[in-house]
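Commentary on secondary and tertiary structure
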Amino acid sequence: MKFCSAIRDFEGLPGDRNYRNNNPGNVKASPVGYAPMYGKVGVDKDNFAVFRDYATGWLYLQNYVLAKVKKYPQWTILDFFNHYAPESDNNPTKRYAEFVAHRCGVDIHTNVKSLFV
């Protein structure tokens, strides 16, 4: 899944928080909890999720992205990142969207759903 691999690569390199937390998407901890398939999920000092192993964090990222695509089928890549990594959280949102779009071989105005059909 190029889209998720690009998110992982934008978030950091081995040794960075996303790898230390087994959280390739560097997602914040969920306020509503997690499905049993993810097991016990911890939280670091900055409220990022800490998964038990990398495979679980990778599965969570994939399911997270697919759930957003299903819920918001009209979103472009830029729309996705305006919600996933908003500027209000000090993220370089447009640069993030451009990075992922480039890795997927499309532009930021491409419908995200079209990448998963």
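So, how was this worked out
Residues numbered from 1 in each chain as written. Predicted model: local features only at pLDDT ≥ 70, side-chain atom pairs only at ≥ 80, totals over all residues. Heavy atoms only, no water. Phe/Tyr/Trp six-rings, centres within 6.5 Å; stacked < 30°, edge-to-face > 60°. Helix = DSSP H or I, 4+ residues; strand = E, 2+ residues; numbered from the N terminus. Buried < 20%, exposed > 50% of the residue type's maximum accessible area, 1.4 Å probe, protein only. Axes fitted to C-alpha atoms, helices over the stretch in contact; angles between N-to-C directions. Parallel < 35°, antiparallel > 145°, perpendicular 65-115°, else oblique. Left-handed = near helix turned anticlockwise from the far one by under 90°. Contact = heavy atoms within 4.5 Å. Disulfide = S-S within 2.5 Å. Salt bridge = Lys/Arg side-chain N within 4 Å of Asp/Glu carboxyl O.

Okay, the packing of aromatic side chains next. Enumeration according to the criterion identifies 19 aromatic pairs in this entry. Here Phe3 and Phe80 contribute two aromatic rings whose centre-to-centre distance is 5.2 Å and whose plane-to-plane angle is 80°, an arrangement assigned as edge-to-face. Within this pair, whereas Phe3 is found in helix H1 (residues 2–11), its partner Phe80 is found in helix H4 (residues 77–84), the two being separated by 77 residues in sequence. Summarising the burial analysis for this pair, Phe3 and Phe80 share the class buried. Summarising the aromatic geometry, the rings of Tyr38 and Tyr60 are spaced 5.1 Å apart at their centres and angled 75° between planes, so their arrangement reads as edge-to-face. Of this pair, Tyr38 sits in the loop between helix H2 (17–20) and strand E1 (42–43) while Tyr60 sits in helix H3 (residues 54–71), placing them 22 residues apart in sequence.

For the pair H4 and helix H5 (residues 93–104), the least separation of the axes is 9 Å and the interaxial angle reads 130°. It follows from the interaxial angle that H4 and H5 lie oblique. Handedness of the crossing formed by H4 with H5: right-handed. For the pair H4 and H5, the contacting residues are Ile77, Leu78, Phe81, Asn82 and Tyr84 in the first and Thr93, Lys94, Tyr96, Ala97, Val100 and Ala101 in the second.

This part covers the state of the cysteines. Applying the stated criterion across every chain yields a total of zero disulfides. Left unpaired, Cys4 is separated from the closest cysteine sulfur, that of Cys104, by 9.1 Å. The exposure class of Cys4 is buried, given its relative accessible area of 0%. Judged by relative accessible area, which is 15%, Cys104 ranks as buried.

Evaluated as defined, the whole model comprises six salt bridges. A salt bridge links Asp9 to Arg8, with the shortest nitrogen-to-oxygen separation between them at 2.8 Å. The closest approach of N and O atoms between Arg103 and Asp9, which form a salt bridge, is 2.7 Å. Of the two residues, Arg103 sits in helix H5 while Asp9 sits in helix H1, which places them 94 residues apart along the sequence. The network of salt bridges with common partners includes Arg17, Asp44, Lys45 and Asp46.

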